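Below are the chains, spelled out letter by letter.
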Amino acid sequence: MPPTAHPNSRVEALDLLRLAAVLAVVLYHFGFWGPASHGIPQVALPWLTPIAKYGYLGVPAFFVISGFVIAYSAEGRTATGFAIARFSRIYPTFVFCMTLTCLAIVVLGPPHFETGIRQWLANLFIAAPPLGQPYMDTSYWSLVIEVMFYAWVAVLIAAGLFPRRIDAIILVWLGITFANELTLDAPLLEKLFLTDDSGFFAVGLLIYQFYRGRRGPALYGMFALSIGTAVFQSIHKTVKLAPLTGGTFDAWTVAAICLASIAIIFVATRIRHVPLPSALVLAAGGLTYPLYLLHMQFGYVLLTRQAPANPVPSVVAIILATTLLAWMVWRFVERPAQRSVRDFLSGRASRFGWRLKLPAAVGGSV
């Protein structure tokens, strides 16, 4: 029987997979492609390139998990309740980590890295480039995609379509994806409909359908189509990455990693309990978001400040220190801030008579 007893029970194995995905991204940024200093990308451990260059696939794995989590989180909520849950989950932590990175650049960054008040203000909107400023940390690009996905889900909930018409939603979404990727290639459609990443989110949404006990030919067909789209998109990304990074990517390796990641995530949702202390698993999942936000720009500021002759010990120490810092952010900043912001916004929404249907637990229990 699938683990569907309660829609807000925790899927513990996903916490460990989140950590694995963020560590893959850390490997990518320290072993293949880091932030640019005076236009020159920094690579702390270039000898890791043959393996590290595939670490970018940790981000699509996040998107698959996100598709599952968002379907999970949206259950029983109105659009307002869903929006409040997502906003309180991501924004306070983002502002804190972005500000911490900004302060680190101001104090320790020069002459390698620089920032200012305009960049900080623009990054408060997450999508800083449309405001004429670069991301405080270029890793934030994926957060913009996440927010756009959340926005679409909120709109579809408000329209009464999500999750009731999930099959139609996914079919239309993938249809727009292939129409744009194979013909139009319009940047506006790419950004609006996430046509570079739709397959991964769709896979996650459908894994949730399996998790809730749904079966049948329609689901299997949709699942196969979404997986095929995700593999296509993971390979297609290398077409953009290759000229940007100067790297070469083997398509079969990319496809194999993509398929393995999806299979592992699917299996993880079938595991009732991880044989590890619950507090440890919870912390592993909790620290991944601040670790993702802090690891690259913040980490490279520390590394370039030290300028070690042998970077290996420094990189290891920086990653361990950043992981500890991420845990502290999760434990002492993110959790209380999430509760406070959620309660504040829920109270204001209730005053306007907006229905929320918020559960007793925080909407990020997955």
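Note that this is a predicted model, so its numbers are computed, not measured. (Residues numbered from 1 in each chain as written. Predicted model: local features only at pLDDT ≥ 70, side-chain atom pairs only at ≥ 80, totals over all residues. Heavy atoms only, no water.)

A. Structural detail: a nonpolar patch on the surface. The grouping of W47, V312, V316 and L320 at the surface amounts to a nonpolar patch, some 410 Å² of accessible area in total. As for its position among the elements, V312 is in helix α15 (residues 311–351). (Patch = residues over 30% accessible without salt bridge, like charges linked within 9 Å, V, L, I, M, F, W, Y side chains within 5 Å. Areas by Shrake-Rupley, 256 points an atom, 1.4 Å probe, with all protein chains shown as cover. Salt bridge = Lys/Arg side-chain N within 4 Å of Asp/Glu carboxyl O. Helix = DSSP H or I, 4+ residues; strand = E, 2+ residues; numbered from the N terminus.)

B. Expanded view of helix α4 (residues 79–108). End to end, α4 covers 42 Å across 30 residues, agreeing with the expected 44 Å (1.5 Å per residue, within 8%). At F87, α4 shows its strongest bend, of approximately 30°. (Expected span 1.5 Å × (residues − 1). Bend = angle between axes of the 7 residues up to and from the residue.)

C. Up close: empty space enclosed by the protein. Summed over the entire model, instances satisfying the criterion amount to 3 cavities of 30 Å³ or more. Along the wall of the largest cavity there are 20 residues; nearest its centre are F62, R89, E146, Y150 and Y289. Broken down by secondary-structure element, the contributors of at least two residues to the lining of the largest cavity are α3 (58–74), α4, α6 (141–158) and α13 (288–294). Here the lining of the largest cavity is built from residues that sort into 12 nonpolar, 4 polar and 4 charged. Put simply, the second largest cavity is a space of about 60 Å³. The set of elements that each furnish at least two residues to the lining of the second largest cavity consists of α3 and α11 (251–268). It is α11 that provides the largest number of residues to the lining of the second largest cavity, a total of 4 residues. Its residues assigned to classes, the lining of the second largest cavity shows 8 nonpolar, 1 polar and no charged. (1 Å grid on protein atoms, 1.4 Å probe; cavity = no way out; pocket = protein on both sides within 12 Å on 5 of 7 lines; lining within 4 Å. Points joined across faces, edges and corners; volume = space filled by probe spheres on them. Nonpolar A, V, L, I, M, F, W, Y, C, P; charged D, E, K, R; others polar.)

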